[in-house]
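Letter by letter, the chains look like this.
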Amino acid sequence: MIEFHLDAHSGVAPYLQLIHQVRQALRLDLLSEGDQLPTVKDVVGRLAINPNTVLKAYRELEYEGLVAARPGLGTFVTRTLGDGSPATIAPLRRELQRWLAKARRTGLDDESIEALMLTTFRSATEGEENIA
Amino acid sequence: MIWLTWRQFRAQTVAAASLLALLAIAFAVTGPQLAHLYDTTVATCHTQHDCPIAINAFQSEDSFLQSLVRLVMLAAPALIGIFWGAPLIAHELEAGTQRLAWTQSVTRLRWLAVKLGLAGLASMAAAGLLSLMVTWWSGPFDRIGAGRMDPSIFSERGIVPVGYAAFAFALGVTAGLLIRRTVPAMAVTLAVFAAVVSGFALRVRFHLLPPVRLVSALNMSWVTQTGIGGPAGPNSLLVSITPNVPGAWISSSQVTTAAGSTSLGPPPPTCGANSTYSACTAAIGRMHLRQVIIYQPGSRFWALQWYETAIYLALALALAGFCVWWVRRRVS
Amino acid sequence: MTAVLEAHGLGRRYRRRWALSDCTLKIPAGQVVGLVGPNGAGKTTLLHLAVGLLQPTAGTIEVLGDRPAASPAQLARVGFVAQDTPTYSGLTVADHLRLGAHLNPGWDARTASDRIERLGLDPRQRAGKLSGGQRAQLALTLALAKKPGLLILDEPVASLDPLARREFLQSLMEAVVDQGLSVVLSSHLVADLERACDYLIVLIDSRVQISGEVDHLLGTHHLLTGPRRDPARLPEGQQVISASHTDRQTTLTVRSEGPIHDPAWVVSKIGLEDLVLAYMSRTVGAERRPALEVQR
């Protein structure tokens, strides 16, 4: 069972944050098909947020076809996000770990590595968008 | 609501019950002995010609308990008002707990009615029980002299203490409601209660029933003082009497001429500087003077008790009604 | 949808001052409603009118379809936790539950004792010896166990430390899920309400400034920044809530149902706290600014 957290100052609506965390959990294999999402009462009891927020997030996920609500039982995952099966993710992760080790050996500190990764990612994404 | 009232007044109720129990024990131990002593010494004192001695000796029996009883009967109704009445509403308003009590599923009217009713009845019952015990125990003492018609004794016997308790309680509740603080309400209750009760006893009680006006020939055995001067003039005869009407509450006694004037005229010649007391009194006896005594006879004890109690109960009810009206309309 | 609370021109006066004036509201059911405003704005007055602790001086108010405190049945439908959570300091926790059981026909003893146990409160502890957070939880238990349809809370977490505050709100939200309650919650801090509320009422200077669903409010209020300009020249349908100017730049908080197309403005979203602050500065501005000018 995953646990939600809320960033009150991110400017992102709470229900969107919940949706994002579910999708991320699906991507990282923390949630698989058939797993139950935390009940509305559990989420609300931990985060002290409005139940309607949780319901809205779960409804949106259901609309996207990722989860299904079973009355009286809870809300369950119906499909994972196709883009990342364990087989494809694992080698990518290993490659990334190797690159990180290499970056550290050159003497870069954590902040510089993070900045490098983010700027490269952003410019690459923008580049793709420009092309597309 | 009944449970809550009991729980909130538990401490006061237990304290009152304990005090009553202690007093009951003291009375049970000393009462029968006192009655027996009275029967053997004072009741027979006329035949033994030692009344003043017997009465004096009797009246100094159990003097500590007597003083305690007087103190208790004096203080009890006022204390009931202060400790049962004043906190009833004031405590809630002070602590703000009315915001809890008035948002349960009980209306304000029911809340107040139960509290007033239960605590009011309890105070009256306590006062009644106390008065019952004290009236029984003091029986022998009250048969001496003016006894129970004496103004201060009257307030401590029979059923008037019940009326006082009800009035003090209602007064306490009202003060607490208007002042909204317990301690100031207690002080105000005490002050107003004392003023009303003493004022009533001094000025109103005697006139609850039209007093008896006895006009008769001067009873020479009642004369206590003769002289010259006084309000009628520097040359006027002055005669003072101390009437002895057993069990009566005497308001005033005067000596008048046969025609009814308080100005007795010049003293008889035999009451000059060279005469004897007995010659003077004999001369006065021949003047056909009269005495005017205004009093309430002892037989009216219970009638006066009922009237006074009724008045105090009516006052208590009026105050209670005011409280109910005020709480429903005005308080927040 | 039925309204849990309806007020028309509601007002309450103390001697010469109007603590609340011209209040017209229609609060829908099934929501957690936040009542926000600075101290002295009239929040407590409004809530006390809603539970029948006060009588209106003007206007009308209806709660769950009936006059407040009109009957024992109406009283049973509304739960109330007053400011500073008053409890009887001489009575124990268990005594308080007994009080609830005796004074409320709809009392659910099971819910009450379960909650007390889960909260770890000692039934034999006197309420006067409890911490602020524990007293607040006790008061909440009393209000919840009578199974109301509407729960009203007056600044319940104002004097609590952050942990107690969080625990109280968690507890409250769980109860909302469990019992399907409607809640009206007041606070002078927007942060307290932001997580929990989906409907907001802004009360400033004894008047309702704005009210509505939080999503709708956030969607219709915008922050506009741009070159220095006179706010009076904005088009129809766009209402300026607050404005601040430097010599070159103007920043406006604007309320508008439709989108804003003027390219001279940079339009950004506004957070709930800033929204409320904008309304507060609008009301305060007229009285306070002249004094500041003089000081400068």
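Structure's up top.
The structure contained in this document is the topic of the report that follows. A quick note: this is a predicted structure, and the numbers were derived from the prediction, not measured. (Residues numbered from 1 in each chain as written. Chains lettered and ligands numbered in written order. Predicted model: local features only at pLDDT ≥ 70, side-chain atom pairs only at ≥ 80, totals over all residues.)

Let's talk about the nonpolar core
I80 and F169 of chain B together with V33, I152 and L185 of chain C are the most contacted members of the largest nonpolar core, which has 163 residues in total. With 14 residues, the top contributor of residues to this core is helix α9 (residues 160-179) of chain B. By size, the runner-up hydrophobic cluster in this structure holds 6 residues, among which are M149, F154, W249 and I293 of chain B. (Core = buried A, V, L, I, M, F, W, Y, C linked by C-beta atoms within 7 Å. Buried ≥ 20, exposed ≤ 12 C-beta atoms within 10 Å, placed from the backbone. Helix = DSSP H or I, 4+ residues; strand = E, 2+ residues; numbered from the N terminus.)

Comments concerning the sheet that holds strand β9 (residues 207-213) of chain C
All names here are of chain C. Within the open sheet, the 6 strands sit side by side as β5-β6-β7-β3-β8-β9. Their pairing is mixed. Strands with a single pairing partner mark the edges of an open sheet, and in this sheet they are β5 (78-81) and β9. Across the sheet, the mean angle from the axis of one strand to that of its neighbour is 15°, orientation sign disregarded. The sheet contact formed by strand β3 (residues 32-36) and strand β7 (residues 182-187) spans 5 bridges and is parallel. Note that in β7 the partner of V36 across the bridge is S187. This element, helix α1 (residues 43-50), spans β3, β6 (150-154), β7 and β8 (199-204) of the sheet and lies at about 150° to β6. In this fold helix α5 (residues 132-145) packs onto β5 and β6, with an angle of close to 175° to the strand it touches most, β5. (Pairing = 2+ DSSP bridges. Axes fitted to C-alpha atoms, helices over the stretch in contact; angles between N-to-C directions. Contact = placed C-beta atoms within 7 Å.)

Examining the arrangement of the chains
Among the 2 pairs of chains in contact, the pair with the most contacts is chains B and C. If you take every C-alpha in chain A and every C-alpha in chain B, the smallest gap between them is 25 Å, and the two do not touch.

Details of the interface of chain C and chain B
Taken together, the contact between chain C and chain B spans 22 residues of the former and 16 residues of the latter. Contributions of two or more residues to the side of chain C that touches chain B are made by α2 (72-77) and α3 (93-103) of chain C. Taken together, the residues of the side of chain C that touches chain B sort by class into 14 nonpolar, 5 polar and 3 charged. (Nonpolar A, V, L, I, M, F, W, Y, C, P; charged D, E, K, R; others polar.)

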